[in-house]
Structures are given as structure tokens and as C-alpha cells.
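Observations on the model geometry
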Amino acid sequence: PVTIFAVERVTEKVKIHFLPVFRGFFLVLLVFFGIIILASLATGALGIAVGGVAGPMIIGIFGLVIFAVMIYFMIMFLLSPAIIVFEDASPGFSLRRAKYLIEGKWWSTFGLVVVVSIIVYFIGLVFSLPAAILSVLKVLGIQSGITSDWVVVISTVISMVGSSILSAITYIALGFQYFNLVEKKDGNSLFKQINNLGNH
């Protein structure tokens, strides 16, 4: 049977999953906030204790380490919304599940995010280029029909709509990665095929 994505069904799904996804997002922010506070306190105390020329160097090195840790956790928790939606999981469980799925596949997920982000960025330039050109022409005082206010407004709207549509590409890619990792870790499709052996 062909599944029809009606507006009513999409709205119903959004209503069901909005609050859990928002709670998961808030939980991730708390984790990041806690890491930043603890790391900043430890780095500041160590920098003061060492002092001299080495103090700023140690602070800089610790800053890079903190940045790397934040990137690590960010990539790990990117699958959390997909887990909440597809598995009806709680925010806390989604973080543990994301950690389980991402183990051994962190670099492939990171590479996917980087590649998709680059693609989205360059495609987004196509949408934002007209608005940028018109803005520059207005700043330079070049007056013509193409620099009229309504043309600038339309080009800006096109840029915003294009950026909004392109932002969905990242989440679609993460959705594919979620199903990819679930299949590799759990083999759900294989289990279903085994269970359906002999059944019509």
C-alpha cells in the first residue's frame, strides 16, 4: 500500500513528538552546559596555579580539548531526535541509545555531517546570492529597477525559504544514518525476515 503524507497526519505526528524532542534537546543543552562549566573551572584553576608564560598555553590546550569533546558529544547526540521519533523513546533513553548506536561509527557519522553540511552550504549560496548582490548594489547607491524595495524583499524571502528547505536535508541524512546504524547494530530487518519464514 502507498502511504500518503497528508497534512493532518504530519501535524498529528508533530504534536505527539514535539515535546519529547524539545525535552531531549534541552537535556543535551544541560549536558553541554555542565561540561563547559566544569571544564572552564578546571582550566582556569590550572592556569592560575601554573601561572607565568605556561598558564595561557595550558588554557589554550585545554580549550582545544574541550572543543574536541564538545564535537564528540554533539555528533553522538545528533541521533537522539530520530530515536525519540522512531522508537517512541524518552529523552534520557534516547541519549543512551544514541551512544550505543554511534559506538564504532562515530567517524562515519561525523563525515556524513561534514559532507552534507558542505553541500547544504554551497546550495544555500545559490539561494542567498541574489539577495546579497542586491544589498551590495543598494549600499553602493546604484539605483535601478532591480534594486527596488519589492525586488529586495522577494529575493530575501527566496533566500529564507531556500535555507529552511535545505536545513531539512541534514535531518534526512541523519534519519538515513539512524536506520543504517540500527540495521548494523540490531539487524531488525534480518530478524523480521527470519520470523516471517514460512509465512505468506
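Treat the numbers as computed from the prediction; the structure is a model and nothing was measured. (Residues numbered from 1 in each chain as written. Predicted model: local features only at pLDDT ≥ 70, side-chain atom pairs only at ≥ 80, totals over all residues. Heavy atoms only, no water.)

**Here's the deal with the overall build of the chain**
Of regular secondary structure, the chain possesses 7 helices and 0 strands. In the chain, the succession of helices and strands from N to C terminus is α-α-α-α-α-α-α. Evaluated residue by residue, the chain yields a buried proportion of 26% over its 200 residues. The long-range fraction of contacts in the chain, counting pairs at least 24 apart against all pairs at least 6 apart in sequence, stands at 65%. (Helix = DSSP H or I, 4+ residues; strand = E, 2+ residues; numbered from the N terminus. Buried < 20%, exposed > 50% of the residue type's maximum accessible area, 1.4 Å probe, protein only. Contact = heavy atoms within 4.5 Å.)

**Looking at the packing of aromatic side chains**
Describing an aromatic ring pair means giving the distance of the ring centres and the angle of the ring planes. Applying the stated criterion across every chain, the model contains 10 aromatic pairs. Measuring from centroid to centroid gives 5.5 Å for Tyr72 and Phe73, while their planes differ by 80 degrees, and the two rings are edge-to-face. Of the residues examined, Tyr72 reaches a relative accessible area of 38% and is grouped as partly exposed. For Phe73, a relative accessible area of 23% gives the class partly exposed. Both rings, one in Tyr72 and one in Trp106, keep their centres 5.8 Å apart while their planes meet at 20 degrees; by these two values the pair is stacked. Highlighted residues: Tyr72 in helix α2 (residues 54-77) and Trp106 in helix α5 (residues 106-139), separated in sequence by 34 residues. (Phe/Tyr/Trp six-rings, centres within 6.5 Å; stacked < 30°, edge-to-face > 60°.)

**Notes on the layout of surface pockets**
By volume, the largest pocket is sized at about 680 Å³. Lining the largest pocket are 20 residues, with Leu78, Pro81, Ala82, Tyr171 and Leu174 positioned closest to its centre. Breaking the lining of the largest pocket down by element, the ones donating at least two residues are α1 (7-50), α2, α3 (80-87) and α6 (149-186). Of the residues contributing to the lining of the largest pocket, the split by class is 17 nonpolar, 3 polar and no charged. (1 Å grid on protein atoms, 1.4 Å probe; cavity = no way out; pocket = protein on both sides within 12 Å on 5 of 7 lines; lining within 4 Å. Points joined across faces, edges and corners; volume = space filled by probe spheres on them. Nonpolar A, V, L, I, M, F, W, Y, C, P; charged D, E, K, R; others polar.)

**Topic: a nonpolar patch on the surface**
The grouping of Val115, Ile119, Ile123, Val126, Phe127, Trp150, Ile154 and Ile158 at the surface amounts to a nonpolar patch, some 750 Å² of accessible area in total. Put simply, the parts of the chain that give the nonpolar patch at least two residues each are α5 and α6. By the element assignment, Phe127 lies in helix α5. Assessed through its relative accessible area of 31%, Phe127 is described here as partly exposed. (Patch = residues over 30% accessible without salt bridge, like charges linked within 9 Å, V, L, I, M, F, W, Y side chains within 5 Å. Areas by Shrake-Rupley, 256 points an atom, 1.4 Å probe, with all protein chains shown as cover. Salt bridge = Lys/Arg side-chain N within 4 Å of Asp/Glu carboxyl O.)

**What to know about the pattern of salt bridges**
Two side chains carrying opposite charge are able to pair once their charged atoms lie near each other. Following the criterion strictly, the structure yields 2 salt bridges and no others. Measuring nitrogen to oxygen at the nearest pair gives 3.1 Å for the salt bridge that ties Glu87 to Arg97. With Glu87 in helix α3 and Arg97 in helix α4 (residues 91-102), this residue pair connects regions lying 10 residues apart in the sequence. Glu103 serves as the salt-bridge partner of Lys99, at 3.1 Å between the closest nitrogen and oxygen.

**Here's the deal with the nonpolar core**
In terms of nonpolar packing, the biggest core is built from 21 residues, with Leu79, Ile83, Leu101, Ile102 and Tyr178 touching the most fellow members. Among the elements of the structure, α1, α2, α3, α4, α5 and α6 are those that each provide at least two residues to this core. Contact partners of Ile83, with chain neighbours within four places excluded, come to Asp88, Ala89, Ser94, Arg97, Ala98, Leu101 and Tyr178. (Core = buried A, V, L, I, M, F, W, Y, C linked by side-chain atoms within 4.5 Å.)

**With respect to the packing of α3 against α4**
The geometry of α3 relative to α4 is characterised by a closest axis approach of 8 Å and an angle of 115 degrees between their N-to-C directions. Here α4 runs roughly perpendicular to α3, going by the angle between their axes. By crossing handedness, the relation of α3 to α4 is classed as right-handed. Side by side, α3 and α4 meet where Ser80, Ile83, Ile84 and Glu87 of the first sit next to Pro91, Phe93, Ser94, Leu95, Arg97, Ala98 and Leu101 of the second. Taken together, the residues of the contact of α3 with α4 break down into 7 nonpolar, 2 polar and 2 charged. (Axes fitted to C-alpha atoms, helices over the stretch in contact; angles between N-to-C directions. Parallel < 35°, antiparallel > 145°, perpendicular 65-115°, else oblique. Left-handed = near helix turned anticlockwise from the far one by under 90°.)

**Overview of unusual backbone geometry**
Positive phi, normally seen in glycine, also occurs at Asp88, with a value near 50 degrees. Considering the arrangement of structural elements, one finds Asp88 in the loop between α3 and α4.

**Some remarks on α4**
For α4, built from 12 residues, the straight-helix expectation of 16 Å at 1.5 Å per residue is met to within 8% by its first-to-last C-alpha distance of 16 Å. Directly beyond the C-terminal end of α4, a positive phi value near 80 degrees is found at Gly104. (Expected span 1.5 Å × (residues − 1).)

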